[in-house]
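As a plain string of letters, each chain reads:
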Amino acid sequence: MPDLRTRPVRRAVPADDSALGELDRATWSTLHSVQPRPQPPYESFFGDRSRPEHLYVSEVEDAAGEVRIAGYIRVVLPTPLACNAHVRQIQGLAVADWARGRGVARALLRAACLAARGEGASRMTLRVLGHNGPARALYESEGFVVEGVLPGEFFLGGRYVDDVMMGRPLAP
């Protein structure tokens, strides 16, 4: 692996649209996505459901000083209801293949939880496909617990896959 220096996680900006779209397409897999594989012509990454303020990005700098996005996490309010405003939900996490195993996903997850707590949230939730062992292990190591399972909720790659709901408190 080439020598890469990880930069602090930051909020996404509109100029990240192209790089995030490329990352999203490059990392697409039925291991974590229930959406069909993206096909050209590609839509903008940012839209009504995915705005820059919903995303945090991890960047790395190589030995030559080139900076590129290594991963992102998308965090939103799960509903528009005031009675649910204390909860944030992770609705996407992707790390470039070349950046895996370097703590990018963990840094994104920690930054998202810290930011949510700073916004007054007291709880973080997510949904993960049952067969995505690496993601489930990461979430469990960061304090998420399984709170529910929808058995066989999705039919992906010729088999039924569970939808696993996980959550954790955001206590200081």
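Scroll up to find the structure.
These numbers were taken from a predicted model, which means no experiment stands behind them. Per-chain numbering applies: the sequence of each chain, read as written, is numbered from 1 onward. pLDDT decides what is reported in this predicted model: residues at 70 or higher carry local features, side-chain atom pairs at 80 or more are listed and counted, and totals for whole chains, interfaces and linings draw on all residues regardless. Hydrogens and waters are ignored; side-chain quantities use all the structure's heavy atoms.

An account of the pairing of strand β7 (residues 145-156) is requested, with residue identities and associated values reported.
Looking at chain direction, β7 and strand β8 (residues 159-169) are connected through 8 bridges and run antiparallel. By the bridge assignment, V146 is partnered in β8 with M166. Here, a strand pair is defined by DSSP locating no fewer than two bridges between the strands. Secondary structure elements are taken from DSSP: a helix is a run of H or I of four residues or more, a strand is a run of E of two residues or more, and numbering for both begins at the N terminus.

Let's hear about the nonpolar core: which residues, and what values?
Among buried residues, those of type Ala, Val, Leu, Ile, Met, Phe, Trp, Tyr and Cys that are joined through side-chain atoms within 4.5 Å constitute a nonpolar core. Only protein chains enter the area calculation, which uses a 1.4 Å probe; residues under 20% of their type maximum are buried, those over 50% are exposed, and those in between are partly exposed. L20, Y72, I73, I90, M124, Y139 and F144 are the most contacted members of the largest nonpolar core, which has 39 residues in total. Looking at this core, the elements with two or more residues in it are α1 (17-27), β3 (55-62), β4 (67-76), β5 (87-95), α2 (104-118), β6 (123-129), α3 (133-141) and β8. For this core, the leading source of residues is α2, giving 8 residues. We call two residues contacting when some pair of their heavy atoms lies within 4.5 Å. Setting aside residues up to four positions removed in sequence, M124 forms contacts with V75, R88, Q89, I90, A112, C113, A116, F144, M166, G167, R168 and L170.

Report on the packing of aromatic side chains, specifying residues and quantitative values.
Stacked, tilted and edge-to-face are the three classes applied to pairs of Phe, Tyr and Trp rings, where Trp contributes its six-membered ring and a pair requires centres within 6.5 Å; stacked means planes under 30 degrees apart, edge-to-face means over 60, and tilted covers the rest. The tally for this structure, following the rule as stated, stands at 4 aromatic pairs. With 5.6 Å between their ring centres and 75° between their planes, F45 and F46 make a pair best called edge-to-face. A relative accessible area of 13% means that F46 is categorised as buried. Put simply, the rings of F45, F46 and Y72 touch in pairs and so form one group of aromatic residues. Lying across the ring of Y42, R25 places its NZ or CZ 3.9 Å from the centre. A ring is scored as having a charge over it whenever the NZ atom of a lysine or the CZ atom of an arginine sits within 6 Å of its centre and within 35 degrees of its normal.

Provide a residue-level description of the packing of α2 against α3, including the pertinent values.
Two numbers describe how α2 lies on α3: the axes approach to 11 Å, and their chain directions differ by 45°. Classified by the interaxial angle, the pair formed by α2 and α3 is oblique. The hand of the α2/α3 crossing is right-handed. Contact residues: A105, R106 and L109 in α2; L138, Y139 and S141 in α3. Put simply, Ala, Val, Leu, Ile, Met, Phe, Trp, Tyr, Cys and Pro go in the nonpolar bin, Asp, Glu, Lys and Arg in the charged bin, and everything else, Gly too, in the polar bin. Residue composition of the contact of α2 with α3, grouped by class: 4 nonpolar, 1 polar and 1 charged. Lines fitted to C-alpha atoms define the axes here, with helix axes fitted over just the stretch in contact, and angles between the N-to-C directions of these axes take values from 0 to 180 degrees. In this scheme, roughly parallel covers angles under 35 degrees and roughly antiparallel covers those over 145, while 65 to 115 is roughly perpendicular and the rest are oblique. For any helix crossing, the convention is left-handed if the near helix is rotated counterclockwise from the far helix by under a right angle, and right-handed if that rotation is clockwise.

Outline the side chain of E61, supporting the account with residue identities and numerical values.
By the secondary structure assignment, E61 is in strand β3. Pairing of N or O atoms within 3.5 Å defines a polar contact, subject to two protein rules: one partner must be a possible hydrogen donor and the other a possible acceptor, and residues neighboring in sequence count only if both atoms are side-chain atoms. Polar contacts involving the side chain of E61 include one to the side chain of R5, which spans 2.5 Å. Of note is the side chain of E61, whose polar atom sits 3.5 Å from the side chain of R7. Those residues in contact with E61 that lie beyond four places of it in its chain are D3, L4, R5, R7, E66 and V67.

If you had to explain the environment of A107 to someone new, which residues and values would you point to?
For A107, the location among the structural elements is in helix α2. The exposure class of A107 is partly exposed, given its relative accessible area of 30%. The sequence separation of A107 and E43 amounts to 64 residues, and the corresponding C-alpha distance is 28 Å.

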